[in-house]
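These are the residues of each chain, in order.
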Amino acid sequence: MNYEITGHTRLTGLLGSPVSHSISPLMHNKAFQHLGLDYVYLCFDVKENDLKSAVEGLKLLNVRGFNCTMPDKTKMCELADQLSPAARMIGAVNTVVNDDGVLTGHNTDGVGYMQALAETGFSISGKTMTLLGAGGAATAICVQAALDGAGSIRVFNRRGRSWEHAQKLVDSINQNTSCKAQLFDLSDETSLRSSLQESDLLTNATPIGMCPNETLSPLPSADLLHEKLLVSDIIYNPRETLLMRQAKEKGCQTFNGLYMLLYQGAEAFHIWTGVDMPVDLIKKAYFSA
């Protein structure tokens, strides 16, 4: 199918830093081309301090929409004109749509993660989850897991500027869902060991292990893992993090962040275009082993 940039082409893209490693341009542009949609998707390296200026510029240029990745997701909540219910509850935005100058912030991370989790054959209902991190993606995953029926979620986060946010997240889940949530310091190895021994699922939603820091693991020791634990890492570059290698050596089933990226992207694609992304095509092209 002929695919050309025209005077009517609508711009979509990704804001964050770093973004040069992102697979999003490949998957979105492949989908636009396959469906004959007059859109294009580009990456823009935008640091948090420059986000406001970048968003104002994109709004002025009448872009159709954009994604936000680290470290811009939380800040984007303040810059959107309105928020979807999910984005408001999570307190982070990863997808923005521009409707005649009105920017609406959405969050598709939680939906994307849960779809990826479902592909492993795992059901979160009634299960115990240990979650590392309390940033934008971690919060989205935590909220969606609770809404989908997780029995217990133990959140481990570093004490620092995000600690108060993490406590509010845990309190909100306890107040608004039937899930029991608890917050622990990530440096508390005793509590982490105990949590993992009682957990069915471990999710690393921190950037520890992401390129170019592939030699790092969020766990102080692989001995904390047990073979019945499903271990996931939302990082997809590298495709196999040190945490995942440690888990495989323990006999754990693992999955990385690629399918979360795929399904959160598919939801964003639909928000911008009103058309379903050809997921099977994109999966075969870019997500096969």
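The rules behind these values
- Every chain's residues receive numbers from 1 upward, in the order its sequence appears when written.
- Note on the predicted model: pLDDT of at least 70 is required for a residue's local features to be given, and 80 or more for side-chain atom pairs to be given and counted; whole-chain, interface and lining totals, by contrast, use all residues.
- Where side-chain values are given, they derive from all heavy atoms of the structure, hydrogens and water being excluded.
- In this scheme Phe, Tyr and Trp rings, the latter by its six-membered ring, pair at centre separations within 6.5 Å, and the angle between planes marks the pair as stacked below 30 degrees, edge-to-face above 60, and tilted otherwise.
- The numbering of helices and of strands both runs from the N terminus, where a helix is a DSSP run of H or I of at least 4 residues and a strand a run of E of at least 2.
- Type-normalised accessible area, obtained with a 1.4 Å probe on protein chains alone, sets the label of each residue: buried when under 20%, exposed when over 50%, and partly exposed for intermediate values.
- Note on geometry: a ring has a charge over it if NZ (lysine) or CZ (arginine) is within 6 Å of the ring centre and within 35 degrees of the ring normal.
- Take the residue count of a helix, subtract one, and multiply by 1.5 Å to get its expected span.
- Here an angle of 0 to 180 degrees is reported between the N-to-C directions of two axes, which are lines fitted to C-alpha atoms, with helices fitted over the stretch in contact.
- An angle below 35 degrees is treated as roughly parallel, one above 145 as roughly antiparallel, one from 65 to 115 as roughly perpendicular, and anything else as oblique.
- Take the far helix as your reference; a near helix turned counterclockwise from it by less than a right angle gives a left-handed crossing, and one turned clockwise gives a right-handed crossing.
- The contact definition used throughout considers only heavy atoms, calling two residues in contact when any of these lie within 4.5 Å.
- Under the grouping applied here, Gly and all other residues not named as nonpolar or charged are polar, the nonpolar ones being Ala, Val, Leu, Ile, Met, Phe, Trp, Tyr, Cys and Pro and the charged ones Asp, Glu, Lys and Arg.
- Count a disulfide wherever a pair of cysteine sulfur atoms falls within 2.5 Å.
- Nonpolar cores are built from buried Ala, Val, Leu, Ile, Met, Phe, Trp, Tyr and Cys residues. Side-chain atoms within 4.5 Å join them into one set.
- Being paired, for any two strands, means DSSP has found at least two bridges between them.

### Some points on the packing of aromatic side chains
Next, step 1: According to the stated counting rule, one finds seven aromatic pairs in the structure shown.
Next, step 2: Here the aromatic rings of Tyr-113 and Phe-255 are separated by 5.9 Å at their centres, their planes lie at 35 degrees, and the arrangement is tilted. With Tyr-113 in helix H5 (residues 109-119) and Phe-255 in strand S12 (residues 253-255), the pair connects residues that are 142 residues apart, well separated along the chain. Phe-255 carries the same exposure label as Tyr-113, and that label is buried.
Next, step 3: Ring centres 6.2 Å apart and planes at 55 degrees place the aromatic pair Tyr-259 and Phe-287 in the tilted group. Of this pair, Tyr-259 sits in helix H10 (residues 258-273) while Phe-287 is found in the segment after helix H11 (279-286), placing the two residues 28 residues apart along the sequence.
Next, step 4: Taking the relative accessible area as the measure of exposure, Tyr-259 reaches 24% and is therefore partly exposed.
Next, step 5: Judged by relative accessible area, Phe-287 falls into the buried class, the value being 5%.
Next, step 6: Put simply, the rings of Phe-32, Tyr-39 and Phe-269 pair up and form one aromatic cluster.
Next, step 7: Cation over ring: Lys-127 sits above Phe-122, and NZ or CZ is 5.4 Å from the ring centre.
Next, step 8: Over the aromatic face of Tyr-259 sits the side chain of Lys-283, whose NZ or CZ is 5.1 Å from the ring centroid.

### Here we look at helix H6 (residues 136-147)
Next, step 1: The terminal C-alpha atoms of H6, which comprises twelve residues, lie 17 Å apart, in line with the 16 Å expected from a rise of 1.5 Å per residue.
Next, step 2: Among the twelve residues of H6, eleven are classified as buried, and the element is accordingly described as predominantly covered.
Next, step 3: Of all the residues in H6, the buried ones are Gly-136, Ala-137, Ala-138, Thr-139, Ala-140, Ile-141, Cys-142, Val-143, Gln-144, Ala-145 and Ala-146.
Next, step 4: Note on H6: the residue one or two positions beyond its end, Gly-149, has a positive phi of about 105 degrees.

### With respect to the packing of helix H1 (residues 24-35) against H11
Next, step 1: With their axes 10 Å apart at the nearest point, H1 and H11 run at an angle of 130 degrees to one another. One finds that H1 runs oblique with respect to H11. Viewed along their axes, H1 and H11 form a crossing whose handedness is right-handed. Residue-level inspection shows Leu-26, Met-27, Lys-30, Ala-31 and His-34 of H1 in contact with H11, the latter providing Leu-281, Ile-282, Ala-285 and Tyr-286.
Next, step 2: Of the residues contributing to the contact of H1 with H11, the split by class is seven nonpolar, one polar and one charged.

### A word on the state of the cysteines
Put plainly, two cysteines are in a disulfide when a covalent bond ties their sulfur atoms together.
Next, step 1: In the structure shown here, the tally under the stated rule is zero disulfides.
Next, step 2: Free cysteine: Cys-77, not disulfide-bonded; nearest cysteine sulfur from Cys-68 at 9.3 Å.

### Focus: the nonpolar core
The tendency in soluble globular proteins is for nonpolar side chains to be buried side by side.
Next, step 1: One finds Tyr-113, Leu-117, Leu-131 and Ile-153 to be the most contacted residues of the largest nonpolar core, which totals 36 residues.
Next, step 2: Only H5, strand S7 (128-132), H6, strand S8 (152-157), helix H7 (163-176) and strand S9 (180-185) provide two or more residues apiece to this core.
Next, step 3: Among the elements that make up this core, the one with the highest residue count is H6 (eight residues).
Next, step 4: Apart from residues no more than four positions distant in its own chain, Leu-117 is found in contact with Phe-122, Ile-124, Leu-201, Leu-230 and Phe-255.

### Side note on the sheet that holds strand S4 (residues 82-83)
Next, step 1: Read from one edge of the open sheet, six strands run S2-S1-S3-S5-S6-S4, paired in mixed fashion. In the strand order of this sheet, the two ends are held by strand S2 (39-45) and S4, each with one partner.
Next, step 2: With seven bridges connecting them, strand S1 (residues 10-16) and S2 associate as parallel partners. Within S2, the position partnered with Gly-13 by the bridge is Leu-42.
Next, step 3: Contacting S1, S2 and strand S3 (65-68), H1 runs over the sheet at an angle of about 170 degrees to S2.

Remember, this is a structural readout, not a statement about activity or role.
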